[in-house]
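Observations on chain architecture
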Amino acid sequence: MSNKIGLFAGSFDPVTNGHLDLIKRASQVLDQLYVGIFYNQNKEGFLPLSRRQALLEEVVKDLPNVSVITSHDQLAVTVAKDLGASVLVRGLRNGQDLTYEASMDHFNQDLAQDLETIYLLAKPDLSYIASSRVRELTHFGADIRPYVPEVVALELEKRHDKE
């Protein structure tokens, strides 16, 4: 029997408690999960890629079957194939996410028919957490601790204090 390898791709800018919950849950159903920090041409970077990677590695360090990777010049389906992944993992918070992901899945299926996408619904208490809201709260010096892991809160507070 072959190992089930998955890829959960995103910008993780910054990683939130919602992301972390999805990572933990996906790691329970897959033998190996790669969390890929991908460049998104539609999003301006808040944290440098190296900091996002370090923070993500810190928050998943207790998950032995989770590895963090980065990519900025390849499609997720290409990276998944290179990793031997058979599954893309995606999170859904609401209907908007579903519409976006359905469109993405259409193209992913055309590019890689053997790659399946699994969707994990956000837990209700985490469904409103978005990196963009965390960045906005950080900008205004609001408490972000309910929405991000502690190490991320400390990093963002340091960053805000420098501004």
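Residues numbered from 1 in each chain as written. Predicted model: local features only at pLDDT ≥ 70, side-chain atom pairs only at ≥ 80, totals over all residues. Heavy atoms only, no water.

An unreviewed UniProt entry lists the protein chain under the name Phosphopantetheine adenylyltransferase, with Streptococcus downei MFe28 as the source organism. Under the heading Cofactor (unreviewed entry), UniProt records this for the protein chain: "Mg(2+)". Looking at the Subcellular location (unreviewed entry) heading of the UniProt record, one finds this comment for the protein chain: "Cytoplasm". (UniProt positions renumbered as here; feature names shortened; annotations may be inferred.)

This brings us to the pairing of strand β1 (residues 5–10). Of all six residues that make up β1, five are buried, and the element is covered over most of its length. Sheet topology note: the β1/strand β2 (residues 32–38) ladder contains six bridges and is parallel. Bridging from a neighbouring strand, Gly 6 pairs with Leu 33 of β2. Traced from β1 through helix α1 (residues 17–29) to β2, the parallel crossover comes out right-handed. (Buried < 20%, exposed > 50% of the residue type's maximum accessible area, 1.4 Å probe, protein only. Helix = DSSP H or I, 4+ residues; strand = E, 2+ residues; numbered from the N terminus. Pairing = 2+ DSSP bridges. Right-handed = clockwise from strand over helix to strand, strands pointing away.)

Every buried residue of helix α5 (residues 131–139) is accounted for by Ser 131, Val 134 and Thr 138. The arc that holds the buried residues of α5, viewed along the axis, is 60°, so those residues lie on one side. One or two positions beyond α5, positive phi appears at Gly 141, with a value near 75°. (Arc of directions from axis to C-beta.)

UniProt annotation of "site: Transition state stabilizer" (unreviewed entry) refers to His 19 when read in the numbering used here. Among the structural elements, His 19 can be located in helix α1. For His 19, a relative accessible area of 18% puts it in the buried group. Separated by 2.9 Å, the side chain of His 19 and the backbone nitrogen of Thr 16 make a polar contact. (Polar contact = N/O pair within 3.5 Å; in protein donor to acceptor, adjacent residues only side chain to side chain.)

Turning to the side chain of Ser 127, a few remarks are in order. Residue placement: Ser 127 occurs in the loop between β5 (116–121) and α5. There is a polar contact of 3.0 Å between the side chain of Ser 127 and the backbone oxygen of Pro 124. Leaving out residues up to four positions away in the same chain, Ser 127 has contacts with Arg 93 and Ala 122. (Contact = heavy atoms within 4.5 Å.)

In space, the five strands of this open sheet follow the order β3-β2-β1-β4-β5, with parallel pairing throughout. The sheet is open, and its two edges are formed by β3 (66–71) and β5, each paired on a single side. Recorded for the sheet is a direction-independent mean angle of 30° between the axes of neighbouring strands. On top of the sheet, helix α3 (residues 76–83) reaches β1, β2, β3 and β4 (87–92); it is set at about 150° to β1, its chief contact. (Axes fitted to C-alpha atoms, helices over the stretch in contact; angles between N-to-C directions.)

Time to look at unusual backbone geometry. Residue Pro 14 is reached from Asp 13 by a cis peptide bond, and omega for that bond is 5°. Considering the arrangement of structural elements, one finds Pro 14 in the loop between β1 and α1.

As a further point, take the pairing of β2. With seven of seven residues buried, β2 lies mostly within the body of the structure. Burial along β2 is two-sided: the face carrying Gln 32, Tyr 34, Gly 36 and Phe 38 and the face carrying Leu 33, Val 35 and Ile 37 are both buried. In terms of strand pairing, β2 meets β3 through six bridges, oriented parallel. For Tyr 34, the partnering residue across the bridge sits in β3 and is Ser 67.

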